[in-house]
Amino acid sequence: MNREEVLKIREDFPYLTMDKNIIYLDNGATTQKPIQVIEALENYYKFENGNPHRGAHYLAMVSTEAYEGAREYIAKFLGAESDEVVFVRNATEGLNLLAYSYGMEEIKEGDEILISIMEHHSNHVTWQEVAKRKNAKLNHLYLDEDMQIPWEEFTSKINENTKIFSITAASNVVGTMPDLPRMISYIRENYKDVKIFVDAAQYLPHQKINVKDLDCDALVFSGHKMVSPMGIGVLYGKRDFLNSLKPFMYGGDMIEYVYEDKSTYLMSPQRFEAGTQNVGGAVSLRYAIEYLENIGFDKIFEHEKNLTNYCYEKLKKLNYIDVYTTSNEHRSPVISFNFKDAHPHDVASIVDTKGVAIRSGHHCAQPLHRKLGCNFSCRASFAFYNTFEEVDKFVESLEYVKEVMGIES
């Protein structure tokens, strides 16, 4: 995208136009929301608000149409069938559903679960807990000096005892995008009993995934990282796999029949959507994805890649900073770094005085930070509405930190 296209896009985001001095570089945590999505959510609650699947009156029917229409749209976006799309609060809930409905039920003593050291806590603690309760073994894939998973590391860790392989499609700290098609193809050819789960929360805002082509058993993502409101996410799962699972929650709208002493349950996706759902959230997610598709995911990824490369090269030249992001240009648009002589919380607070919003902390990835040799880091994460001028001002703000903290080059 050229500069004019990006500036035109920025007009869709009220916060970015309200305050011209704000440079928002915390998109890996959550994105800003375009007016088109905000209005779609407002329109639902103004004119379509009802409880879906539960009534014969007009608003119940239009609410059902809006809810199921969102499901169909998102399924098409993923290359899935509509009954393979389950609405959840976020990627974390989707991973917990998999852990409880599959992991706690199917994993046995001596089985192995394989994840990477890059995982967000939601894809780490869940399997850690399953392994602990089921007396199974949790294995980790480790990174080389460029934050990549060596192929030999993967092939040496996956084995006949592995029952679950759960991995991020993009690291929220070091930016690594593992070669999932190659990994999954290898597993399918050699270890057919392994269930493959993908955390796409940091990937789908930037690139599309066709779940049928990828051939994972399940995939999760959060809407708020791709310009929809918080509180809505998706669990995709292969139809037969989902229908083999026990429900994660019990209550209204997921049952077939209830008797005094037993109950039967509906098929996916209803069996996993007990209670009144976030219908407005599902509608907003549908329009958020439509908004991104109208821009074009190829254009989004190319612009974000160029921004990341530009910033990466600038930061690598600063001898008072350590950069942790992979040098591989096929990476998510995040750059994690630390001042050699300043705490990341101080750095984030000082650049905030210059109107620059970045993240500081462990980014819900403490094991990875320990491997990097630090407890915390700063992180700048980019979206399609960011500009090269904002990157320049961000780098200038780091020079200001250097002055404030009295750091010598």
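Residues numbered from 1 in each chain as written. Predicted model: local features only at pLDDT ≥ 70, side-chain atom pairs only at ≥ 80, totals over all residues. Heavy atoms only, no water.

By the naming in an unreviewed UniProt entry, the protein goes by Cysteine desulfurase and is assigned to Peptoniphilus duerdenii ATCC BAA-1640. The UniProt entry for the protein carries this comment under Function (unreviewed entry): "Catalyzes the removal of elemental sulfur and selenium atoms from L-cysteine, L-cystine, L-selenocysteine, and L-selenocystine to produce L-alanine." Comment text from UniProt for the protein, heading Sequence similarities (unreviewed entry), reads "Belongs to the class-V pyridoxal-phosphate-dependent aminotransferase family. Csd subfamily." (UniProt positions renumbered as here; feature names shortened; annotations may be inferred.)

Caption draft 1: Region of the structure containing the overall build of the protein. Along the protein, the regular secondary structure elements total 15 helices and 15 strands. For 409 residues, the compact-globule formula gives about 22 Å, and the C-alpha radius of gyration of the protein, at 22 Å, lands near that figure. The dimensions of the protein, computed from C-alpha atoms along their principal axes, are 75 × 55 × 35 Å. Classification of the 409 residues of the protein by burial places 56% in the buried group. A separation of at least 24 residues holds for 70% of the contacts in the protein among residues at least 6 apart in sequence. Accessible surface, the protein: about 17700 Å² in total, of which carbon and sulfur atoms supply 46%. Each charge sign in the protein was given a centre, from 44 positive and 60 negative side chains, and these centres are 2 Å apart. (Helix = DSSP H or I, 4+ residues; strand = E, 2+ residues; numbered from the N terminus. Rg over C-alpha atoms; globule rule 2.2 N^0.38 Å. Buried < 20%, exposed > 50% of the residue type's maximum accessible area, 1.4 Å probe, protein only. Contact = heavy atoms within 4.5 Å. Areas by Shrake-Rupley, 256 points an atom, 1.4 Å probe, with all protein chains shown as cover. Lys, Arg positive; Asp, Glu negative; His and termini not counted. Charge placed at Lys NZ, Arg CZ, Asp CG, Glu CD.)

Caption draft 2: Molecular detail of the sheet that holds strand β15 (residues 377–381). The strand order β11-β12-β15-β14 describes an open sheet built from 4 strands, whose pairing is antiparallel. Every other strand in the sheet has two partners, leaving β11 (321–323) and β14 (359–361) as the edge strands with one partner each. Strand-to-strand twist across the sheet, computed as the mean angle between neighbouring axes with direction ignored, equals 30 degrees. Across 3 bridges, the pairing between β11 and strand β12 (residues 334–339) is antiparallel. Following the sheet pairing, D322 is matched in β12 by N338. The sheet contacts of helix α13 (residues 344–352) involve β12, β14 and β15, and relative to β14 the element is tilted by about 160 degrees. Across the sheet, helix α15 (residues 388–404) touches β11, β12 and β15, and the angle it forms with β12 is around 15 degrees. (Pairing = 2+ DSSP bridges. Axes fitted to C-alpha atoms, helices over the stretch in contact; angles between N-to-C directions.)

Caption draft 3: Inspection of the UniProt feature "domain: Aminotransferase class V" (unreviewed entry) in the protein at higher detail. The positions UniProt marks with the feature "domain: Aminotransferase class V" (unreviewed entry) are residues 23–394. When the span residues 23–394 is considered, its composition is 40% helix and 17% strand, and the gap between its end C-alpha atoms is 8 Å.

Caption draft 4: Seen up close, unusual backbone geometry. In this structure, the amide linkage connecting S268 to the following residue, P269, adopts the cis form with an omega of 5 degrees. The phi dihedral of C364 falls on the positive side, at around 55 degrees, and the residue is not glycine.

Caption draft 5: Quick peek at the layout of surface pockets. One number sums up the size of the second largest pocket: a volume of about 260 Å³. Forming the boundary of the second largest pocket are 23 residues, of which H120, N172, A201, Q202 and K225 lie nearest the centre. Grouping the constituent residues of the lining of the second largest pocket by class yields 6 nonpolar, 12 polar and 5 charged. Counting contributing residues per domain, the lining of the second largest pocket is built from domain 1 (3–27 + 296–405) and domain 2 (38–293), each supplying no fewer than three. (1 Å grid on protein atoms, 1.4 Å probe; cavity = no way out; pocket = protein on both sides within 12 Å on 5 of 7 lines; lining within 4 Å. Points joined across faces, edges and corners; volume = space filled by probe spheres on them. Nonpolar A, V, L, I, M, F, W, Y, C, P; charged D, E, K, R; others polar. Domains from an automatic or database assignment.)

Caption draft 6: Representation of empty space enclosed by the protein within the structure. Within this structure, the stated rule accounts for 1 cavity of 30 Å³ or more. What the largest cavity holds in volume is close to 100 Å³. Forming the boundary of the largest cavity are 15 residues, of which N27, T31, P205, H206 and K225 lie nearest the centre. Each of domain 1 (3–27 + 296–405) and domain 2 (38–293) contributes no fewer than three residues to the lining of the largest cavity.

Caption draft 7: Broad picture of the pairing of strand β3 (residues 112–116). Burial of β3 is extensive: 5 of the 5 residues sit out of reach of the surface. Burial along β3 is two-sided: E112, L114 and S116 and I113 and I115, pointing in opposite directions, are all buried. Summarising the sheet, β3 and strand β4 (residues 137–141) pair through 5 bridges and their orientation is parallel. The partner of I115 across the bridge, within β4, is H140. Where the polypeptide runs from β3 across helix α6 (residues 125–134) and back to β4, its parallel neighbour, the crossover connection is right-handed. The sheet contact formed by β3 and strand β5 (residues 162–168) spans 3 bridges and is parallel. For E112, the partnering residue across the bridge sits in β5 and is T162. (Right-handed = clockwise from strand over helix to strand, strands pointing away.)

Caption draft 8: Focus on the packing of aromatic side chains. In the structure shown here, the tally under the stated rule is 23 aromatic pairs. Each ring, one from F13 and one from Y291, has its centre 6.0 Å from the other, and the planes form 80 degrees; the classification is edge-to-face. Residue F13 is located in the loop between α1 (3–10) and α2 (14–18), and its partner Y291 is located in helix α11 (residues 279–295); the two are separated by 278 residues in the primary sequence. For the pair F13 and Y291, one class covers both residues: buried. Between Y257 and Y259 the ring centres are 6.5 Å apart and the planes differ by 35 degrees, which places this aromatic pair in the tilted class. Among the residues examined, Y257 registers a relative accessible area of 48% and is labelled partly exposed. On the accessibility criterion, Y259 (46% relative accessible area) is partly exposed. Put simply, the rings of W151, F154, F165, Y186 and Y191 touch in pairs and so form one group of aromatic residues. The ring of Y259 has K262 lying over it, and the distance from NZ or CZ to the ring centre is 5.7 Å. Against the face of Y287 rests R286, its NZ or CZ located 4.9 Å from the ring centre. (Phe/Tyr/Trp six-rings, centres within 6.5 Å; stacked < 30°, edge-to-face > 60°. Lys NZ or Arg CZ within 6 Å of the ring centre and 35° of its normal.)

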